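These are the residues of each chain, in order.
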Amino acid sequence: MNYSELGRYARKPVTTLTVSAFTAILITGCGGGDGGGSTPSTASKQQTVKVSTSENTIETRQLNGEIDAASITAISGFDSPNISVSTKENILTIEVGVLENSDTERFTLETSAGLTYTIVVNAENTSAKVVVDQAETLTEITSPRTLAADDLHLMNIVLELEYLAGRISESEKETTSQAAMTEINRFSTSLENEIVLLKQAMADYMAGDIPETDLKQRLAAASGALSDIGNAGESAIDNVTDTLSAMGIALPADLEATNPLAYVEQADRFSRFMNANYGSFDSNGTFTFSNSYDFLNAVFHYASQ
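First things first, this report covers the structure right here in the doc.

What counts, and at which threshold
- Residues numbered from 1 in each chain as written.
- Predicted model: local features only at pLDDT ≥ 70, side-chain atom pairs only at ≥ 80, totals over all residues.
- Heavy atoms only, no water.
- Helix = DSSP H or I, 4+ residues; strand = E, 2+ residues; numbered from the N terminus.
- Polar contact = N/O pair within 3.5 Å; in protein donor to acceptor, adjacent residues only side chain to side chain.
- Core = buried A, V, L, I, M, F, W, Y, C linked by side-chain atoms within 4.5 Å.
- Buried < 20%, exposed > 50% of the residue type's maximum accessible area, 1.4 Å probe, protein only.
- Axes fitted to C-alpha atoms, helices over the stretch in contact; angles between N-to-C directions.
- Parallel < 35°, antiparallel > 145°, perpendicular 65-115°, else oblique.
- Contact = heavy atoms within 4.5 Å.
- Nonpolar A, V, L, I, M, F, W, Y, C, P; charged D, E, K, R; others polar.
- Phe/Tyr/Trp six-rings, centres within 6.5 Å; stacked < 30°, edge-to-face > 60°.
- Lys NZ or Arg CZ within 6 Å of the ring centre and 35° of its normal.
- Left-handed = near helix turned anticlockwise from the far one by under 90°.

## Quick word on the environment of Ser190
Structurally, Ser190 is set in helix H3 (residues 170-206). Sequence spacing of Ser190 and Asp228 is 38 residues, and the spatial spacing of their C-alpha atoms is 9.3 Å. Among the polar contacts made by the side chain of Ser190, one reaches the main-chain carbonyl oxygen of Phe187 at a distance of 3.1 Å.

What follows is the structure in structure tokens.
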């Protein structure tokens, strides 16, 4: 923690709250004709101020009495180098910089009103939210094969249509479907291993043992294995590309490169189809395929029917 007597009021909008501290007076009477005396309550002279904030922000608090900057004392174990403090008269300014983890700062100070304050600052690492959400979603999947569920489902629906139209036999339908599943299973083990490592990295990050940068690196490694599943999913769809084209549904020739299997923040799931190339989200977060891909509204359960 860094502190100074001059306040710094730059960069971000400042939120000011007033903390009123009142000193209770306990009046005690004495016998024998002596005059009554008054003594300030020890408890009333101890005040706690909690500040919940996030990285790259400035917060101010108005305290009771002029702040004695020399009295500012960090509490052992809660002294963050990313959180700085400055004072000016009775105004306490708390500045939070860039964070690699959510952080906590605790310190005490005294004011001219005879009060001792304990300041507790809890700062959230907001920049890590997308990384954490993506990592959580990936580690919560029941099996790596579920990530290719959209590709397999689309393939199987079209294979069924081909079978009903008499273009392929039941045996050909089953053989094609099984071969696609085998190909996806072939890459599942490597992704499962990466997910185990990612789970540990998530636990370490939440415990504050590793920074956001390390979690990103672990997620990137898992994403590399995820692309292998995406390529296998593309191969599955390649089995029915001609039929889809005949139905007026033109998918990119290099599907995984153009529309890779990726995390979709609005849906908190992985998909290659839930993007602006195929449709859009409404205000309720429901995805609807555009007219050119209307058939897919009937194929995928997450789409608006």
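## Thoughts on the nonpolar core
Grouped together as the largest cluster of nonpolar side chains are 52 residues, with contacts concentrated most on Leu154, Phe273 and Phe289. Looking at this core, the elements with two or more residues in it are helix H1 (129-139), helix H2 (149-164), H3, helix H4 (212-238), strand S12 (262-264), strand S15 (287-289) and helix H7 (295-299). Within the second largest apolar cluster, 18 residues are counted, among which are Ile72, Ile94, Tyr117 and Ala123.

## Description of the packing of H2 against H3
Look at H2 against H3: their axes get within 9 Å of each other, and the N-to-C directions meet at 170°. As far as their axial angle goes, H3 and H2 are roughly antiparallel. Contact residues: Leu152, Met155, Asn156, Leu159, Glu160 and Tyr163 in H2; Glu170, Lys173, Thr176, Ser177, Ala180, Met181 and Ile184 in H3. Split into classes, the residues belonging to the contact of H2 with H3 amount to seven nonpolar, three polar and three charged.

## Considering the packing of aromatic side chains
Counted under the stated rule, the structure contains nine aromatic pairs. Centroid distance Tyr278 to Tyr293: 4.9 Å. Interplanar angle 70°. Geometry classified as edge-to-face. Pair noted here: Tyr278 is in the loop between strand S13 (269-271) and strand S14 (279-281) and Tyr293 is in the loop between S15 and H7, with a separation of 15 residues, a long-range link. The structure contains a cluster of three or more aromatic residues connected by ring pairs, namely Phe273, Tyr278, Phe281, Phe287, Phe289, Tyr293, Phe300 and Tyr302. Geometry around Phe78 places Arg106 over its ring, the cationic atom sitting 4.1 Å from the centre.

## Quick look at the packing of H1 against H4
Here H1 crosses H4 at 45°, and the two axes come no closer than 10 Å. Classified by the interaxial angle, the pair formed by H1 and H4 is oblique. Taken as a pair, H1 and H4 cross one another with a handedness that is left-handed. Contacts from Val131, Val132, Gln134, Ala135 and Leu138 of H1 reach H4 at Leu215, Lys216, Leu219, Ala222 and Ser223. Taken together, the residues that form the contact of H1 with H4 break down as seven nonpolar, two polar and one charged.

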